[in-house]
Amino acid sequence: MADFKPKTRLDYAFEISILLKALDGFLEVVGGIVLLFISPSNLLGIAKVLTQHELSEDPHDFLANHILHSAQSLTGASIIFASVYLLSHGIAKLILVIEILRDQLWAYVGLIVLTSAFILYQIYRVSHTHSISLILFTIFDFIVVYLTIREYNKQKRKKAIL
């Protein structure tokens, strides 16, 4: 197992970001599995239950209306796409984090490439949706890439010395 022993705040930040990526990957896998077993009508029912209280207080609530509208426009094919997307992204992320924890240098590069690819996709999506949450996720991913590059270079130097 990797022996991180953080010495600086950036070392701690890297460890926290890796743990958050692992948690994110796990939640994506769970979400992808759940989507495999749920129909569009069931998903719409869940969305109605989740937004009912908010919409009764404010029928123009942006988030609640967006959730409800998104659930209404889902098809079986879009749910399968979302499931495959979540499963593939989550599994890849979990494998890379596990391999980083196993001190595999290639996994650092893999996480950098995977996260960078999703940053590009997220920037494309932000240009169409202007989503604040997506902007925040993209900023977090930029930080993860920076910290992973920094840690990769540190681990690479350490292995070269040995």
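This text goes with the structure placed above it.
Residues numbered from 1 in each chain as written. Predicted model: local features only at pLDDT ≥ 70, side-chain atom pairs only at ≥ 80, totals over all residues. Heavy atoms only, no water.

Chemist: What exactly am I supposed to notice about helix α6 (residues 132-161) here?
Modeler: Every α-helical turn comprises 3.6 residues, leaving residues that sit three or four positions apart pointing alike. For α6, with 30 residues, the first-to-last C-alpha span of 44 Å sits near the 44 Å given by 1.5 Å per residue. For α6, every residue scored as buried is listed here: Leu134, Thr138, Asp141, Val144, Val145, Leu147, Thr148, Glu151, Tyr152 and Gln155. Lining the buried residues of α6 we find α1 (9-36) and α5 (105-129). (Helix = DSSP H or I, 4+ residues; strand = E, 2+ residues; numbered from the N terminus. Expected span 1.5 Å × (residues − 1). Buried < 20%, exposed > 50% of the residue type's maximum accessible area, 1.4 Å probe, protein only. Contact = heavy atoms within 4.5 Å.)

Chemist: Honestly, the packing of helix α4 (residues 76-101) against α5 in this entry has me stumped. Any pointers?
Modeler: Taken N-terminus to C-terminus, the directions of α4 and α5 make an angle of 150 degrees; their axes are 8 Å apart at the nearest point. Between α4 and α5, the crossing angle belongs to the class labelled roughly antiparallel. In the crossing of α4 with α5, the sense of the turn from one axis to the other is left-handed. Taken together, the residues of α5 that come into contact with α4 (itself represented by Tyr85, His89, Ala92, Lys93, Leu96, Glu99 and Ile100) are Trp106, Ala107, Tyr108, Gly110, Leu111, Leu114, Phe118 and Tyr121. Per-class residue counts for the contact of α4 with α5 are eleven nonpolar, two polar and two charged. (Axes fitted to C-alpha atoms, helices over the stretch in contact; angles between N-to-C directions. Parallel < 35°, antiparallel > 145°, perpendicular 65-115°, else oblique. Left-handed = near helix turned anticlockwise from the far one by under 90°. Nonpolar A, V, L, I, M, F, W, Y, C, P; charged D, E, K, R; others polar.)

Chemist: Would you explain the packing of aromatic side chains in this entry?
Modeler: Two descriptors summarise a pair of aromatic rings, namely the distance from one centre to the other and the angle between the planes of the rings. The tally for this structure, following the rule as stated, stands at six aromatic pairs. Ring pairs connect the aromatic residues Phe81, Tyr85, Phe118, Tyr121 and Tyr124, which therefore count as one cluster. (Phe/Tyr/Trp six-rings, centres within 6.5 Å; stacked < 30°, edge-to-face > 60°.)

Chemist: Help me understand the pattern of salt bridges in this model?
Modeler: Where charged atoms of side chains with opposite charge meet at close range, the side chains can pair. By the definition in use, this model includes eight salt bridges. A salt bridge links Lys21 to Asp141; the nearest nitrogen and oxygen atoms lie 2.5 Å apart. Taken together, the positions of Lys21 in helix α1 and Asp141 in helix α6 put the pair 120 residues apart, joining distant regions of the chain. Like Asp141, Lys21 is buried. Here Glu99 and Arg102 are joined by a salt bridge, their closest N and O atoms 3.0 Å apart. Residues joined in a network through salt bridges with shared partners are Asp11, Arg150, Glu151 and Lys154. (Salt bridge = Lys/Arg side-chain N within 4 Å of Asp/Glu carboxyl O.)

Chemist: What is the right way to look at the environment of Phe142 in this model?
Modeler: Mapped onto the fold, Phe142 is located in helix α6. Placed 90 residues apart in sequence, Phe142 and Gln52 show a C-alpha to C-alpha distance of 36 Å. Other than its neighbours up to four places away in sequence, Phe142 contacts Ile119 and Ile123.

Chemist: What is the right way to read the side chain of Asp61 from this model?
Modeler: Tracing the backbone through its elements, the reader meets Asp61 in the loop between α2 (40-57) and α3 (62-72). No salt bridge is formed by the buried Asp61; the nearest opposite charge belongs to Lys48, separated by 17 Å. A polar atom in the side chain of Asp61 sits 3.2 Å from the backbone nitrogen of Leu63. Setting aside residues up to four positions removed in sequence, Asp61 forms contacts with Glu54 and Leu55. (Lys, Arg positive; Asp, Glu negative; His and termini not counted. Polar contact = N/O pair within 3.5 Å; in protein donor to acceptor, adjacent residues only side chain to side chain.)

Such coordinate-based values are descriptive only and should not be taken to indicate function.
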